Amino acid sequence: MTATRETRRSILLTAVLLLASGGASAAELEVPGQFPTIQDAITAAADGDVIVVSPGTYTGTVNPFGKAITIRSTDPDDPAVVASTIIDGAGQRAVAFFSGEQLDTVLEGFTITGGVADEGGGIGIYVSDPLIRKCVVRGNTGTQGGGAYVYASSAFFDEVAFEDNTATDGGGVYAYATTYARFDNCSFTGNIATSDGGAVAGFFAGLRFKGCLIADNSASVEGGAFEGRESSAIFFSSLVRDNVAERGGAFKLDDTSVRLRNTTVVRNTATGSPAGGAGWGLFSSILVRNSIVRDNVPDEFDGFSFSPSGEYSNVTGGLSGPGNIDVDPLFIDPAGDDFRLQAASPSRNTGFNGWVPSYGTRDLDGAPRLLEKVVDMGGYEFRGPRPPRVRR
(Lines give C-alpha, C1' and ligand atoms only; values in the text may rest on other atoms or scores of the structure.)
Protein backbone atom coordinates (compact mmCIF):
# COMPACT_ATOMS: atom_id res chain seq x y z
CA MET A 1 0.00 0.00 0.00
CA THR A 2 1.33 3.46 -0.83
CA ALA A 3 1.77 6.19 1.78
CA THR A 4 -0.84 8.25 -0.06
CA ARG A 5 -3.45 5.54 0.26
CA GLU A 6 -2.58 5.03 3.93
CA THR A 7 -2.96 8.78 4.51
CA ARG A 8 -6.35 8.87 2.79
CA ARG A 9 -7.60 5.98 4.92
CA SER A 10 -6.29 7.66 8.08
CA ILE A 11 -8.15 10.88 7.24
CA LEU A 12 -11.36 8.95 6.58
CA LEU A 13 -10.95 6.98 9.80
CA THR A 14 -10.46 10.20 11.80
CA ALA A 15 -13.65 11.62 10.33
CA VAL A 16 -15.51 8.40 11.13
CA LEU A 17 -14.37 8.43 14.75
CA LEU A 18 -15.40 12.06 15.15
CA LEU A 19 -18.82 11.19 13.80
CA ALA A 20 -19.12 8.17 16.07
CA SER A 21 -18.26 10.31 19.10
CA GLY A 22 -20.89 12.88 18.33
CA GLY A 23 -18.81 15.20 16.18
CA ALA A 24 -21.66 15.67 13.71
CA SER A 25 -25.43 15.97 13.98
CA ALA A 26 -27.15 12.58 13.85
CA ALA A 27 -30.32 10.97 15.10
CA GLU A 28 -29.87 8.60 18.04
CA LEU A 29 -32.00 5.47 18.07
CA GLU A 30 -32.27 3.50 21.31
CA VAL A 31 -32.52 -0.27 21.71
CA PRO A 32 -34.66 -1.53 23.36
CA GLY A 33 -36.11 1.82 24.48
CA GLN A 34 -37.43 2.79 21.06
CA PHE A 35 -36.89 -0.41 19.06
CA PRO A 36 -37.07 -3.95 20.48
CA THR A 37 -34.22 -5.31 18.35
CA ILE A 38 -31.04 -4.01 16.79
CA GLN A 39 -32.29 -5.02 13.34
CA ASP A 40 -35.52 -3.02 13.84
CA ALA A 41 -33.42 0.05 14.63
CA ILE A 42 -31.28 -0.54 11.53
CA THR A 43 -34.39 -0.66 9.38
CA ALA A 44 -35.49 2.73 10.70
CA ALA A 45 -32.03 4.34 10.58
CA ALA A 46 -30.68 6.71 7.94
CA ASP A 47 -27.06 7.35 7.00
CA GLY A 48 -25.27 9.16 9.80
CA ASP A 49 -27.55 7.88 12.57
CA VAL A 50 -26.28 6.26 15.75
CA ILE A 51 -27.95 3.20 17.27
CA VAL A 52 -27.28 2.93 21.01
CA VAL A 53 -27.89 -0.51 22.47
CA SER A 54 -28.45 -1.05 26.19
CA PRO A 55 -27.00 -4.10 27.97
CA GLY A 56 -28.82 -7.33 27.21
CA THR A 57 -28.68 -10.32 24.89
CA TYR A 58 -29.89 -9.79 21.32
CA THR A 59 -30.30 -12.94 19.23
CA GLY A 60 -30.18 -13.37 15.49
CA THR A 61 -28.08 -11.82 12.74
CA VAL A 62 -27.24 -8.09 12.73
CA ASN A 63 -26.92 -6.73 9.17
CA PRO A 64 -26.53 -2.98 8.43
CA PHE A 65 -27.53 -3.50 4.75
CA GLY A 66 -25.03 -0.95 3.51
CA LYS A 67 -26.10 1.94 5.73
CA ALA A 68 -23.45 4.39 6.95
CA ILE A 69 -24.46 4.14 10.61
CA THR A 70 -22.84 3.52 13.96
CA ILE A 71 -24.15 0.65 16.08
CA ARG A 72 -22.69 0.77 19.58
CA SER A 73 -23.24 -0.19 23.19
CA THR A 74 -23.90 2.47 25.81
CA ASP A 75 -20.21 2.65 26.76
CA PRO A 76 -17.71 0.84 24.50
CA ASP A 77 -14.86 1.91 26.79
CA ASP A 78 -16.29 0.00 29.78
CA PRO A 79 -15.39 -3.72 29.62
CA ALA A 80 -18.35 -4.54 31.88
CA VAL A 81 -20.75 -2.91 29.43
CA VAL A 82 -19.13 -4.70 26.49
CA ALA A 83 -19.40 -8.03 28.32
CA SER A 84 -23.10 -7.50 29.04
CA THR A 85 -24.14 -6.19 25.61
CA ILE A 86 -24.30 -9.38 23.61
CA ILE A 87 -25.08 -10.19 19.99
CA ASP A 88 -25.85 -13.91 20.09
CA GLY A 89 -26.00 -15.64 16.73
CA ALA A 90 -27.93 -18.49 18.36
CA GLY A 91 -26.69 -20.95 15.76
CA GLN A 92 -26.66 -18.49 12.83
CA ARG A 93 -24.00 -15.99 11.71
CA ALA A 94 -24.06 -13.24 14.35
CA VAL A 95 -23.07 -10.22 12.20
CA ALA A 96 -23.07 -9.75 8.43
CA PHE A 97 -21.56 -7.02 6.26
CA PHE A 98 -22.62 -7.98 2.74
CA SER A 99 -23.69 -4.68 1.13
CA GLY A 100 -20.53 -2.71 0.40
CA GLU A 101 -20.27 -1.02 3.78
CA GLN A 102 -17.35 1.38 4.22
CA LEU A 103 -15.47 2.73 7.24
CA ASP A 104 -18.46 4.93 8.08
CA THR A 105 -20.35 1.77 9.04
CA VAL A 106 -19.20 1.17 12.61
CA LEU A 107 -19.86 -1.67 15.05
CA GLU A 108 -18.55 -0.84 18.50
CA GLY A 109 -18.62 -2.19 22.02
CA PHE A 110 -20.31 -5.62 21.81
CA THR A 111 -19.62 -9.21 22.74
CA ILE A 112 -20.32 -11.30 19.64
CA THR A 113 -20.93 -14.97 20.39
CA GLY A 114 -22.88 -18.09 19.52
CA GLY A 115 -22.47 -17.60 15.78
CA VAL A 116 -22.31 -20.56 13.41
CA ALA A 117 -21.70 -20.40 9.64
CA ASP A 118 -19.54 -22.01 7.00
CA GLU A 119 -17.75 -18.68 6.45
CA GLY A 120 -17.44 -16.51 9.54
CA GLY A 121 -19.56 -17.77 12.41
CA GLY A 122 -19.15 -14.55 14.37
CA ILE A 123 -18.74 -11.97 11.59
CA GLY A 124 -19.01 -12.36 7.82
CA ILE A 125 -17.57 -9.58 5.63
CA TYR A 126 -18.01 -9.75 1.85
CA VAL A 127 -16.71 -7.01 -0.46
CA SER A 128 -17.23 -4.48 2.34
CA ASP A 129 -14.88 -2.35 4.45
CA PRO A 130 -16.53 -1.77 7.85
CA LEU A 131 -14.91 -0.53 11.05
CA ILE A 132 -15.23 -2.89 14.01
CA ARG A 133 -14.04 -1.47 17.33
CA LYS A 134 -13.77 -2.50 20.96
CA CYS A 135 -15.65 -5.77 20.52
CA VAL A 136 -15.08 -9.24 21.94
CA VAL A 137 -15.63 -12.03 19.40
CA ARG A 138 -15.90 -15.18 21.47
CA GLY A 139 -17.13 -18.74 21.13
CA ASN A 140 -18.15 -18.76 17.48
CA THR A 141 -17.80 -21.63 15.01
CA GLY A 142 -17.20 -21.87 11.27
CA THR A 143 -15.61 -23.95 8.57
CA GLN A 144 -13.47 -20.99 7.45
CA GLY A 145 -13.12 -18.32 10.13
CA GLY A 146 -14.74 -19.15 13.45
CA GLY A 147 -14.57 -15.55 14.63
CA ALA A 148 -14.63 -13.75 11.28
CA TYR A 149 -14.45 -14.37 7.55
CA VAL A 150 -13.11 -11.49 5.45
CA TYR A 151 -13.48 -11.64 1.67
CA ALA A 152 -12.27 -9.02 -0.84
CA SER A 153 -12.21 -6.43 1.90
CA SER A 154 -10.17 -3.69 3.52
CA ALA A 155 -11.98 -4.08 6.83
CA PHE A 156 -10.48 -2.45 9.90
CA PHE A 157 -10.51 -4.16 13.30
CA ASP A 158 -9.48 -1.89 16.19
CA GLU A 159 -9.18 -3.20 19.76
CA VAL A 160 -11.06 -6.40 18.96
CA ALA A 161 -10.48 -9.54 21.02
CA PHE A 162 -10.89 -12.87 19.23
CA GLU A 163 -11.24 -15.51 21.93
CA ASP A 164 -12.02 -19.23 21.93
CA ASN A 165 -13.39 -19.44 18.40
CA THR A 166 -13.16 -22.67 16.39
CA ALA A 167 -12.96 -23.47 12.69
CA THR A 168 -11.46 -25.97 10.30
CA ASP A 169 -9.19 -23.20 8.95
CA GLY A 170 -8.67 -19.84 10.63
CA GLY A 171 -9.92 -20.39 14.16
CA GLY A 172 -10.03 -16.65 14.84
CA VAL A 173 -10.11 -15.17 11.32
CA TYR A 174 -10.04 -16.47 7.76
CA ALA A 175 -9.08 -13.85 5.16
CA TYR A 176 -9.55 -14.60 1.48
CA ALA A 177 -8.69 -12.28 -1.42
CA THR A 178 -8.50 -9.41 1.05
CA THR A 179 -7.06 -6.21 -0.36
CA TYR A 180 -5.71 -4.83 2.91
CA ALA A 181 -7.35 -5.92 6.16
CA ARG A 182 -5.95 -4.24 9.27
CA PHE A 183 -5.87 -5.42 12.87
CA ASP A 184 -4.76 -2.71 15.30
CA ASN A 185 -4.41 -3.35 19.05
CA CYS A 186 -6.25 -6.66 18.71
CA SER A 187 -5.80 -9.91 20.58
CA PHE A 188 -6.14 -13.51 19.43
CA THR A 189 -6.23 -16.01 22.30
CA GLY A 190 -7.44 -19.57 22.68
CA ASN A 191 -8.63 -19.96 19.08
CA ILE A 192 -8.53 -23.43 17.54
CA ALA A 193 -8.22 -24.64 13.95
CA THR A 194 -8.80 -28.33 13.41
CA SER A 195 -6.63 -27.98 10.30
CA ASP A 196 -4.64 -24.76 9.59
CA GLY A 197 -4.29 -21.27 11.05
CA GLY A 198 -5.10 -21.37 14.76
CA ALA A 199 -5.49 -17.60 15.08
CA VAL A 200 -5.55 -16.44 11.45
CA ALA A 201 -5.47 -18.08 8.03
CA GLY A 202 -4.92 -16.06 4.86
CA PHE A 203 -5.35 -17.09 1.23
CA PHE A 204 -4.50 -14.51 -1.46
CA ALA A 205 -4.62 -12.03 1.43
CA GLY A 206 -2.82 -8.85 2.47
CA LEU A 207 -2.87 -8.31 6.24
CA ARG A 208 -1.42 -5.92 8.81
CA PHE A 209 -1.17 -6.57 12.52
CA LYS A 210 -0.12 -3.64 14.71
CA GLY A 211 0.07 -3.78 18.49
CA CYS A 212 -1.46 -7.27 18.57
CA LEU A 213 -1.21 -10.12 21.08
CA ILE A 214 -1.39 -13.56 19.44
CA ALA A 215 -1.14 -16.18 22.17
CA ASP A 216 -2.25 -19.69 23.12
CA ASN A 217 -3.85 -20.55 19.78
CA SER A 218 -3.54 -23.97 18.18
CA ALA A 219 -3.83 -25.68 14.81
CA SER A 220 -3.95 -29.43 14.43
CA VAL A 221 -1.83 -29.29 11.27
CA GLU A 222 -0.15 -26.00 10.27
CA GLY A 223 0.33 -22.48 11.58
CA GLY A 224 -0.57 -22.10 15.25
CA ALA A 225 -0.66 -18.31 14.97
CA PHE A 226 -0.80 -17.63 11.23
CA GLU A 227 -1.08 -19.79 8.13
CA GLY A 228 -0.58 -18.00 4.82
CA ARG A 229 -0.98 -19.18 1.24
CA GLU A 230 -0.02 -16.82 -1.57
CA SER A 231 -0.37 -13.97 0.91
CA SER A 232 1.61 -11.23 2.62
CA ALA A 233 1.48 -10.04 6.21
CA ILE A 234 3.30 -7.56 8.40
CA PHE A 235 3.45 -7.76 12.17
CA PHE A 236 4.48 -4.59 13.97
CA SER A 237 4.85 -4.00 17.74
CA SER A 238 3.24 -7.37 18.41
CA LEU A 239 3.78 -10.40 20.64
CA VAL A 240 3.38 -13.91 19.22
CA ARG A 241 3.76 -16.49 21.98
CA ASP A 242 2.77 -20.00 23.06
CA ASN A 243 1.03 -21.05 19.87
CA VAL A 244 1.11 -24.71 18.78
CA ALA A 245 0.83 -26.65 15.51
CA GLU A 246 2.32 -29.74 13.91
CA ARG A 247 4.28 -27.54 11.44
CA GLY A 248 4.98 -23.89 12.01
CA GLY A 249 4.22 -23.33 15.68
CA ALA A 250 3.83 -19.61 15.00
CA PHE A 251 3.88 -19.20 11.19
CA LYS A 252 3.33 -21.65 8.36
CA LEU A 253 3.88 -20.06 4.96
CA ASP A 254 3.26 -21.31 1.43
CA ASP A 255 4.35 -18.87 -1.28
CA THR A 256 3.89 -16.14 1.34
CA SER A 257 6.01 -13.28 2.68
CA VAL A 258 5.95 -12.15 6.30
CA ARG A 259 7.66 -9.10 7.73
CA LEU A 260 8.32 -8.80 11.45
CA ARG A 261 9.10 -5.32 12.75
CA ASN A 262 9.58 -4.69 16.44
CA THR A 263 7.79 -7.95 17.18
CA THR A 264 8.55 -10.62 19.78
CA VAL A 265 8.05 -14.27 18.77
CA VAL A 266 8.66 -16.65 21.68
CA ARG A 267 7.79 -20.11 23.04
CA ASN A 268 5.83 -21.32 20.05
CA THR A 269 5.91 -25.07 19.47
CA ALA A 270 5.86 -27.31 16.40
CA THR A 271 5.15 -30.92 17.28
CA GLY A 272 5.96 -32.59 13.93
CA SER A 273 8.96 -33.18 11.73
CA PRO A 274 9.88 -31.08 9.84
CA ALA A 275 8.92 -28.55 12.42
CA GLY A 276 9.75 -24.82 12.58
CA GLY A 277 8.73 -23.60 16.02
CA ALA A 278 8.78 -19.98 14.89
CA GLY A 279 8.12 -20.64 11.21
CA TRP A 280 7.93 -23.30 8.54
CA GLY A 281 7.89 -22.25 4.92
CA LEU A 282 7.57 -23.48 1.36
CA PHE A 283 8.80 -21.05 -1.32
CA SER A 284 8.35 -18.29 1.26
CA SER A 285 10.27 -15.69 3.21
CA ILE A 286 10.35 -14.04 6.61
CA LEU A 287 12.11 -10.71 7.01
CA VAL A 288 12.96 -10.03 10.67
CA ARG A 289 13.76 -6.43 11.63
CA ASN A 290 14.11 -4.91 15.10
CA SER A 291 12.56 -8.11 16.46
CA ILE A 292 13.19 -10.89 18.97
CA VAL A 293 12.68 -14.53 17.91
CA ARG A 294 13.74 -16.93 20.65
CA ASP A 295 13.01 -20.11 22.55
CA ASN A 296 10.67 -21.60 20.00
CA VAL A 297 10.52 -25.41 20.00
CA PRO A 298 12.18 -27.47 18.62
CA ASP A 299 13.85 -24.87 16.41
CA GLU A 300 13.23 -21.43 14.99
CA PHE A 301 12.83 -21.91 11.23
CA ASP A 302 12.49 -24.87 8.90
CA GLY A 303 11.16 -25.61 5.42
CA PHE A 304 11.95 -26.00 1.75
CA SER A 305 13.15 -23.01 -0.25
CA PHE A 306 12.49 -20.92 2.87
CA SER A 307 14.70 -17.91 3.43
CA PRO A 308 14.51 -16.13 6.79
CA SER A 309 16.64 -13.00 6.86
CA GLY A 310 17.07 -10.25 9.38
CA GLU A 311 18.59 -7.00 10.51
CA TYR A 312 19.03 -5.60 14.02
CA SER A 313 17.27 -8.57 15.60
CA ASN A 314 17.90 -11.08 18.38
CA VAL A 315 17.33 -14.60 17.04
CA THR A 316 18.23 -17.95 18.60
CA GLY A 317 20.90 -19.52 16.41
CA GLY A 318 21.56 -16.18 14.74
CA LEU A 319 20.77 -14.71 11.34
CA SER A 320 23.22 -13.18 8.91
CA GLY A 321 22.79 -9.46 8.44
CA PRO A 322 23.75 -6.16 10.04
CA GLY A 323 23.04 -5.60 13.72
CA ASN A 324 21.85 -9.14 14.48
CA ILE A 325 22.67 -10.77 17.82
CA ASP A 326 22.08 -14.13 19.51
CA VAL A 327 21.99 -13.58 23.28
CA ASP A 328 19.53 -13.82 26.16
CA PRO A 329 17.31 -10.71 25.77
CA LEU A 330 16.72 -10.56 29.55
CA PHE A 331 12.95 -10.42 29.61
CA ILE A 332 11.48 -9.19 32.88
CA ASP A 333 9.44 -12.29 33.76
CA PRO A 334 8.94 -14.91 31.04
CA ALA A 335 7.32 -17.32 33.53
CA GLY A 336 4.70 -14.65 34.15
CA ASP A 337 4.34 -13.92 30.41
CA ASP A 338 6.04 -10.52 30.80
CA PHE A 339 8.30 -10.09 27.78
CA ARG A 340 9.29 -6.49 28.43
CA LEU A 341 13.01 -5.80 28.62
CA GLN A 342 15.14 -5.40 31.71
CA ALA A 343 17.34 -2.30 31.92
CA ALA A 344 20.43 -4.40 31.14
CA SER A 345 18.88 -6.14 28.12
CA PRO A 346 21.20 -6.43 25.10
CA SER A 347 18.11 -5.77 22.95
CA ARG A 348 17.71 -2.29 24.43
CA ASN A 349 18.81 0.59 22.16
CA THR A 350 20.10 -1.85 19.54
CA GLY A 351 17.44 -1.62 16.82
CA PHE A 352 17.50 0.58 13.72
CA ASN A 353 15.32 3.67 13.63
CA GLY A 354 14.90 3.45 9.89
CA TRP A 355 12.66 0.37 10.29
CA VAL A 356 10.09 2.23 12.42
CA PRO A 357 7.29 3.28 10.05
CA SER A 358 5.28 6.44 10.51
CA TYR A 359 2.24 4.43 11.62
CA GLY A 360 4.28 2.49 14.19
CA THR A 361 5.56 5.09 16.65
CA ARG A 362 4.13 3.25 19.70
CA ASP A 363 4.92 -0.10 21.26
CA LEU A 364 2.68 -2.96 22.36
CA ASP A 365 1.81 -1.07 25.55
CA GLY A 366 0.91 2.05 23.58
CA ALA A 367 4.05 3.81 24.84
CA PRO A 368 6.15 5.97 22.50
CA ARG A 369 9.04 4.46 20.61
CA LEU A 370 12.45 6.19 20.41
CA LEU A 371 12.41 7.25 24.07
CA GLU A 372 16.19 6.92 24.16
CA LYS A 373 16.96 8.03 20.59
CA VAL A 374 17.58 4.46 19.41
CA VAL A 375 14.68 2.02 19.13
CA ASP A 376 14.72 -1.26 21.06
CA MET A 377 14.27 -4.72 19.59
CA GLY A 378 10.99 -6.51 20.16
CA GLY A 379 7.40 -5.55 20.88
CA TYR A 380 8.11 -3.40 23.93
CA GLU A 381 10.18 -0.26 24.36
CA PHE A 382 12.08 -0.07 27.64
CA ARG A 383 10.91 2.73 29.92
CA GLY A 384 11.38 1.40 33.43
CA PRO A 385 8.83 -0.37 35.63
CA ARG A 386 5.26 -0.13 34.34
CA PRO A 387 2.10 -2.18 34.67
CA PRO A 388 1.05 -4.37 31.74
CA ARG A 389 -1.46 -2.98 29.31
CA VAL A 390 -5.02 -4.05 30.11
CA ARG A 391 -6.60 -5.66 27.07
CA ARG A 392 -10.27 -6.37 26.76
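Residues numbered from 1 in each chain as written. Predicted model: local features only at pLDDT ≥ 70, side-chain atom pairs only at ≥ 80, totals over all residues. Heavy atoms only, no water.

Concerning the overall build of the chain
Okay, step 1: Along the chain, the regular secondary structure elements total three helices and 39 strands.
Okay, step 2: In summary, the chain has a C-alpha radius of gyration of 20 Å against a globular reference of 21 Å for 392 residues, a match within 12%.
Okay, step 3: In terms of overall dimensions, the chain has a C-alpha envelope of 60 × 40 × 40 Å along the principal axes.
Okay, step 4: When the 392 residues of the chain are sorted by exposure, 57% land in the buried category.
Okay, step 5: Long-range pairs, those at least 24 residues apart, make up 70% of the contacts in the chain between residues at least 6 apart in sequence.
Okay, step 6: Total accessible area computed for the chain in this model is approximately 13900 Å², and 53% of it derives from carbon and sulfur atoms.
Okay, step 7: Each charge class in the chain was averaged separately, 31 positive and 46 negative side chains, and the resulting centres sit 6 Å apart. (Helix = DSSP H or I, 4+ residues; strand = E, 2+ residues; numbered from the N terminus. Rg over C-alpha atoms; globule rule 2.2 N^0.38 Å. Buried < 20%, exposed > 50% of the residue type's maximum accessible area, 1.4 Å probe, protein only. Contact = heavy atoms within 4.5 Å. Areas by Shrake-Rupley, 256 points an atom, 1.4 Å probe, with all protein chains shown as cover. Lys, Arg positive; Asp, Glu negative; His and termini not counted. Charge placed at Lys NZ, Arg CZ, Asp CG, Glu CD.)

Concerning the pairing of strand E39 (residues 338-341)
Okay, step 1: Burial along E39 is two-sided: Asp338 and Arg340 facing one way and Phe339 and Leu341 facing the other are all buried.
Okay, step 2: Direction of pairing for strand E38 (residues 331-333) relative to E39: antiparallel, over a ladder of two bridges. Directly across from phenylalanine 331, in E39, lies its bridge partner leucine 341.
Okay, step 3: From the end of E38 to the start of E39, which pair antiparallel, there are four residues, and aspartate 337 there has a positive phi angle of about 60°. (Pairing = 2+ DSSP bridges.)

Quick word on the confidence of the model for the chain
When pLDDT drops low, the exact placement of atoms in the prediction is not to be read closely.
Okay, step 1: Summary statistics for the chain give a mean pLDDT of 93 and a share of 92% for residues scoring 70 or more.
Okay, step 2: Segment residues 1-9 is flagged for pLDDT under 50; beyond a separation of four residues in sequence, or across chains, it makes 12 contacts in the model.
Okay, step 3: pLDDT under 50 marks residues 18-23. Its contacts with residues more than four places away, or in other chains, come to five contacts. (pLDDT = per-residue confidence, 0-100.)

Overview of the sheet that holds strand E12 (residues 136-138)
Okay, step 1: As summarised here, the arrangement of the 11 strands in space is E3-E5-E8-E12-E16-E20-E24-E28-E32-E35-E37, forming an open sheet in which the pairing is parallel. In this open sheet, the two edge strands, each paired with only one partner strand, are strand E3 (56-59) and strand E37 (314-315).
Okay, step 2: Summarising the sheet, strand E16 (residues 161-163) and strand E20 (residues 187-189) pair through three bridges and their orientation is parallel. Each residue of the ladder has a partner; that of phenylalanine 162, found in E20, is phenylalanine 188.

Quick word on unusual backbone geometry
Okay, step 1: Proline 32 follows valine 31 through a cis peptide bond whose omega is 5°.
Okay, step 2: In the segment running from serine 273 into proline 274, the intervening peptide bond is cis, with an omega of 0°.
Okay, step 3: Here proline 274 lies in the loop between strand E33 (269-270) and strand E34 (279-289).
Okay, step 4: Although it is not a glycine, asparagine 185 adopts a positive phi angle of roughly 55°.
Okay, step 5: For asparagine 185, the location among the structural elements is in the loop between strand E19 (181-184) and E20.
Okay, step 6: Positioned with a positive phi, asparagine 349 is a non-glycine residue whose angle comes to about 60°.
Okay, step 7: Structurally, the position occupied by asparagine 349 is in the segment after E39.

As for the nonpolar core
Okay, step 1: Counting residues in each nonpolar core, the largest one holds 62 residues, and the members touching the most others are Phe157 and Phe183.
Okay, step 2: Ranked by residues supplied to this core, first place goes to helix H2 (residues 38-44) with three residues.
Okay, step 3: Leaving out residues up to four positions away in the same chain, phenylalanine 183 has contacts with Phe157, Phe162, Val173, Phe188, Leu207, Arg208, Phe209, Lys210 and Cys212.
Okay, step 4: Within the second largest apolar cluster, 11 residues are counted, among which are Ala215, Val266, Phe339 and Tyr380. (Core = buried A, V, L, I, M, F, W, Y, C linked by side-chain atoms within 4.5 Å.)

Things to note about the environment of aspartate 75
Okay, step 1: Structurally, aspartate 75 can be placed in the loop between strand E4 (70-73) and helix H3 (79-84).
Okay, step 2: Once residues within four sequence positions are removed from consideration, aspartate 75 is found in contact with Val81 and Val82.

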